[in-house]
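Chain and residue survey
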Amino acid sequence: MFEKLMNSFLHNFIEEERWKYIADGLFVTLQVTFFAVILGIFLGFLVAMVRSTYDKTGKLKLLNFFCNLYLTVIRGTPVVVQLLITYFVIFGSVNIDKVLVAVIAFGFNSGAYVAEIIRGGIMSVDQGQFEAGRSLGFSYFRTMIYIILPQALKNVLPALANEFIVLLKETSVAGYIALQDLTKGGDIIRSRTYDAFMPLIAVAVIYLLMVMLFNYFVKQLERRLRNSEH
Amino acid sequence: MNTELGKTPLIEVMNLTKKFHDLKALDDISVKIYEGDVVFVIGPSGSGKSTFLRCLNRLEESTGGKILFEGIDITDEKCDIDLHRQKMGMVFQQFNLFPHMTILKNLTIGPQKLQNKTKEAAEAEAMRLLERVGLADRAQAYPSQLSGGQKQRIAIVRALCMKPDVMLFDEPTSALDPEMVGEVLAVMRDLAEEKMTMVVVTHEMGFAKEVATRVIFMADGKIMEENEPGQFFEHPESERLKNFLSKVL
Ligand SMILES: Nc1ncnc2c1ncn2[C@@H]1O[C@H](COP(=O)(O)OP(=O)(O)O)[C@@H](O)[C@H]1O
Ligand SMILES: [Mg+2]
């Protein structure tokens, strides 16, 4: 039994240095996730500001319309379809790095969810905070920056962290545009060795470990936030 | 009283109206508030007292009429309301301290960011005022660590740190446990004695009698009666006010 597993391990990962598919794939997955997260936060932040400004003041009507359109389209279609459209339609005629395509597709996808999380956070801050800021003489924008957003972000930090766990797993469909991420790396080994068990389980375990590690940090964060009353 | 002829009022409200859809929350309000006036606004719940106060610094946008503050029409779209608000301190029923900042930061953020004071100058002024309300030892605490009465005293100091020309109070003691009301009223009494111009919405009739230079009775969005406190409480004219006073006194 043990010997069989050992042989399978050697066959799948050591022979012809096949472990490199996993290692390279992991690097691509982390790269895509990391930059998509940054793009997602940036977009989500902008969209949330536009939407809550419209909710609170009725201003930015046109921008709010486009933000709503963006949210509706992104949240109403599968991420794989978005990825395929980004690659074959939007960037179909240009030669562009697939990692960049994935970052853009997953970043825009994540931005929609981040936007709603941050907007929820802004709306959850008591209206009295807003009025206190304005009555001191702060403009709408500065009240947002100094008073509302710090409280809003603290409220939604755990939800944001969760969104990144979701994103990490979602990037596993990057193989649809033949990007060799972690999932694709495992699948390539499977197609070479005709052994499904070892490479796919290895891929699953790596995702699981990353998610568990991240979850652990989120839990720590939640506990620290709960303990500090302010 | 400073209502002698010829002096320009600090705040002049002219035919102010405010509608919420079909509801007339304020109906043709006209008042003059002079420097050093301590104007108390009383009346039944829903009569428009908060709306009136909030229109004065445009937290609520009026639907008609004018408000002249230091001679400038602040209901004009073109005026920079943020600038005028710095001169109008506001104290809320629910305190509305910033929970993510220390007390000291609550007090200095306005002067530092809006009036370009140095950190040292802003903090020195904040500490001086904290000393006066007996809370200097709480400068590094967070709002959640204070009692309601302490929070409201800090909220008053926060407004004072901006060096306002008028202070607006919307039921400053209504959210407090009874034993904490006195400490907040004491701070307000001090302010009145220093001739700070104040507009106070409250249900504390005894305090109004003692501190007010003028009392206004509101009902149904209108000013029903306005008088100096002695006459107001001893010889009310309208039936509505008599009725109201008989219930609350
Ligand atoms: N934001 C609002 N939207 C709709 N109606 C409001 C709003 N604020 C106040 N009102 C209404 O306006 C009237 C006056 O309210 P308010 O000024 O709060 O009274 P008071 O402070 O004297 O109790 C009430 O009938 C109240 O229901
Ligand atoms: Mg009220």
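Going by the structure above, here's the rest.
Below or above, wherever it landed, is the structure these notes cover.

Where a protein is soluble and globular, its nonpolar side chains tend to be buried together. In this structure, Phe106(A), Ile11(B), Phe52(B), Leu56(B) and Val199(B) are the most contacted members of the largest nonpolar core, which totals 74 residues. Of all hydrophobic cores here, the second largest spans 52 residues; its members include Val133(B), Ala159(B), Met205(B) and Ala208(B).

Attention now goes to the site of ligand 1. Residues and elements named next belong to chain B. Taken together, Phe 20, Leu 23, Ala 25, Pro 44, Ser 45, Gly 46, Ser 47, Gly 48, Lys 49, Ser 50 and Thr 51 make up all the residues around ligand 1. Take Gly 46: an N or O atom from its main chain is 2.7 Å from an oxygen atom of ligand 1. Contact distances for ligand 1 include 3.0 Å between an oxygen atom and a backbone N or O atom of Gly 48. The fraction of the free accessible surface of ligand 1 (560 Å²) that becomes covered by protein chains is 60%. Of all the elements in the fold, those that place two or more residues in the shell around ligand 1 are β2 (23-33) and α1 (49-56). Per element, the largest residue contribution to the shell around ligand 1 is 3 residues, and it comes from α1. When grouped by side-chain class, the residues that make up the shell around ligand 1 number 4 nonpolar, 6 polar and 1 charged.

What follows is about unusual backbone geometry. Residues and elements named next belong to chain B. The phi angle at Asn 15 is positive, at roughly 50 degrees, despite the residue not being glycine. The residue Asn 15 is located in strand β1 (residues 11-20) in this model. Accessibility expressed as a relative area gives 43% for Asn 15, which makes it partly exposed. A positive phi is found at Lys 163, a non-glycine position, where the angle reads about 55 degrees. As for its position among the elements, Lys 163 is in the loop between α5 (148-160) and β7 (166-170). A relative accessible area of 42% places Lys 163 in the partly exposed class.

To continue, consider the pairing of strand β10 (residues 222-227) of chain B. All names here are of chain B. Strand direction decides the pairing type here: strand β9 (residues 214-219) and β10, joined by 5 bridges, are antiparallel. Its bridge partner lying in β10, Ile 216 is registered against Glu 226. Connecting β9 to the antiparallel partner β10 that follows it, the hairpin turn spans 2 residues, and Asp 220 within it adopts a positive phi of roughly 50 degrees.

Residues and elements named next belong to chain B. Ordered by their spatial adjacency, 4 strands build an open sheet running β2-β1-β4-β5, and the pairing between neighbours is antiparallel. Edge positions in the open sheet fall to β2 and β5 (72-73), since each of these has one partner strand only. Looking at chain direction, β1 and strand β4 (residues 64-69) are connected through 5 bridges and run antiparallel. Paired with Val 13 across the bridge in β4 is Ile 67. Contacting β1, β2 and β4, α1 runs over the sheet at an angle of about 120 degrees to β1.

Evaluated as defined, the whole model comprises 11 aromatic pairs over all chains. Plain terms: the ring middles of Phe9(A) and Phe13(A) are 5.2 Å apart, the flat faces sit at 70 degrees to each other, and that makes the pair edge-to-face. With Phe9(A) and Phe13(A) both in helix α1 (residues 2-14) and 4 residues apart, the pair spans about one turn of that helix. Since its relative accessible area comes to 36%, Phe9(A) is described here as partly exposed. With a centroid separation of 5.0 Å and an interplanar angle of 75 degrees, the aromatic rings of Phe232(B) and Phe233(B) are classed as edge-to-face. Across the pair, Phe233(B) and Phe232(B) agree in class, each one buried. Sitting over the face of the ring of Phe130(A), Lys56(A) holds its NZ or CZ atom 4.9 Å from the ring centroid. In this structure, Lys209(B) packs its charged tip against the face of Phe233(B), placed 5.5 Å from the ring centre.

Reading the values: the criteria
- Residues numbered from 1 in each chain as written.
- Chains lettered and ligands numbered in written order.
- Predicted model: local features only at pLDDT ≥ 70, side-chain atom pairs only at ≥ 80, totals over all residues.
- Heavy atoms only, no water.
- Core = buried A, V, L, I, M, F, W, Y, C linked by side-chain atoms within 4.5 Å.
- Buried < 20%, exposed > 50% of the residue type's maximum accessible area, 1.4 Å probe, protein only.
- Near = heavy atom within 4 Å.
- Polar contact = N/O pair within 3.5 Å; in protein donor to acceptor, adjacent residues only side chain to side chain.
- Areas by Shrake-Rupley, 256 points an atom, 1.4 Å probe, with all protein chains shown as cover.
- Helix = DSSP H or I, 4+ residues; strand = E, 2+ residues; numbered from the N terminus.
- Nonpolar A, V, L, I, M, F, W, Y, C, P; charged D, E, K, R; others polar.
- Pairing = 2+ DSSP bridges.
- Contact = heavy atoms within 4.5 Å.
- Axes fitted to C-alpha atoms, helices over the stretch in contact; angles between N-to-C directions.
- Phe/Tyr/Trp six-rings, centres within 6.5 Å; stacked < 30°, edge-to-face > 60°.
- Lys NZ or Arg CZ within 6 Å of the ring centre and 35° of its normal.

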